[in-house]
Amino acid sequence: QVQLVESGGGLVQAGGSLRLSCAASGRFFSTYTSAWFRQAPGKEREFVAAIWWRDDNTYYADSVKGRFTISRDNAKNTVDLQMNSLKDEDTAVYYCAADRGGTSVRQPNGYDYWGQGTQVTVSS
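Residues numbered from 1 in each chain as written. Predicted model: local features only at pLDDT ≥ 70, side-chain atom pairs only at ≥ 80, totals over all residues. Heavy atoms only, no water.

(A) Structural detail: the environment of Y94. Position of Y94 among the secondary structure elements: in strand β9 (residues 92-100). Distance in space between the C-alpha atoms of Y94 and R38 is 4.3 Å, their sequence separation being 56 residues. Other than its neighbours up to four places away in sequence, Y94 contacts E6, L20, W36, F37, R38, V48, F68, L81, M83, G117, T118 and V120. Within polar-contact distance, the side chain of Y94 engages the side chain of R38 at 2.9 Å. (Helix = DSSP H or I, 4+ residues; strand = E, 2+ residues; numbered from the N terminus. Contact = heavy atoms within 4.5 Å. Polar contact = N/O pair within 3.5 Å; in protein donor to acceptor, adjacent residues only side chain to side chain.)

(B) Structural view of the sheet that holds strand β1 (residues 3-7). Sheet architecture is open: 4 strands sit in the order β1-β3-β8-β7, paired in antiparallel fashion. Looking along the sheet, the strands with just one partner apiece sit at the ends: β1 and β7 (68-73). When strand polarity is set aside, the average angle formed by the axes of neighbouring strands in this sheet is 15°. Sheet analysis places β7 next to strand β8 (residues 78-83), joined by 6 bridges and oriented antiparallel. Each bridged residue has a counterpart across the sheet, and for T69 the counterpart in β8 is Q82. (Pairing = 2+ DSSP bridges. Axes fitted to C-alpha atoms, helices over the stretch in contact; angles between N-to-C directions.)

(C) Focus on the pattern of salt bridges. Summed over all chains, the structure comprises 5 salt bridges. Across the pair R19 and D80 runs a salt bridge whose closest N-O atoms are separated by 3.2 Å. Here R19 is found in strand β3 (residues 18-25), whereas its partner D80 is found in strand β8, with 61 residues between them in sequence. When the shortest N-O distance is used, the salt bridge between E46 and R38 registers 2.6 Å. Judged by its relative accessible area of 36%, E46 is partly exposed. (Salt bridge = Lys/Arg side-chain N within 4 Å of Asp/Glu carboxyl O. Buried < 20%, exposed > 50% of the residue type's maximum accessible area, 1.4 Å probe, protein only.)

(D) The packing of aromatic side chains, seen in detail. Summed over all chains, the structure comprises 8 aromatic pairs. Aromatic side chains F29 and Y32 sit 6.0 Å apart centroid to centroid with 20° between the ring planes, which places their arrangement in the stacked category. When its relative accessible area of 1% is taken as the criterion, F29 is described as buried. Y32 gets classed as buried once you look at its relative accessible area, which sits at 3%. Taken together, the ring pairs connect F37, F47, Y95, Y111 and W114 into an aromatic cluster. One cation-aromatic arrangement involves R45 over W114; the distance from NZ or CZ to the ring centre is 4.8 Å. The aromatic ring of F29 is capped on one face by R72, whose charged end is 5.3 Å from the ring centroid. (Phe/Tyr/Trp six-rings, centres within 6.5 Å; stacked < 30°, edge-to-face > 60°. Lys NZ or Arg CZ within 6 Å of the ring centre and 35° of its normal.)

Below, the structure is given as C-alpha cells:
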C-alpha cells in the first residue's frame, strides 16, 4: 500500500506557473502508475496527466497538453506536475493517484490510492 500527500497548490495569476508535488510512502512505488486528476466545483473529477510505471511513458488530457508536464523521481518517491501558462479553467482541487502496475490511466476507477488534494486557483 501507499499513502500519497500533495503539496504546491496555491493562488496564481493567469499565465503563471505552479509545480505540484506528490510524495508517496510505501515500498515499490516505482512499480506504480501515477497520475494527476482535478475536480472543479460542481464538476466530475477529470484526468489531467499520468506516467506509466514500466517505461515512464506519459499521457495528457487535451486541455493541458503542451502546458503541463508530469514527471517522477523514483529515488525520492515523488511525482510532480509542472503547470505552465495557467488559465482560469485550470482552477480545481488537484489529486494525486497511484495504482500498482498497469491500469486504465485516464479513468479515476483505475486507481486504488489517492491523496487528499491540493487547491489550485488561477485568477485573471
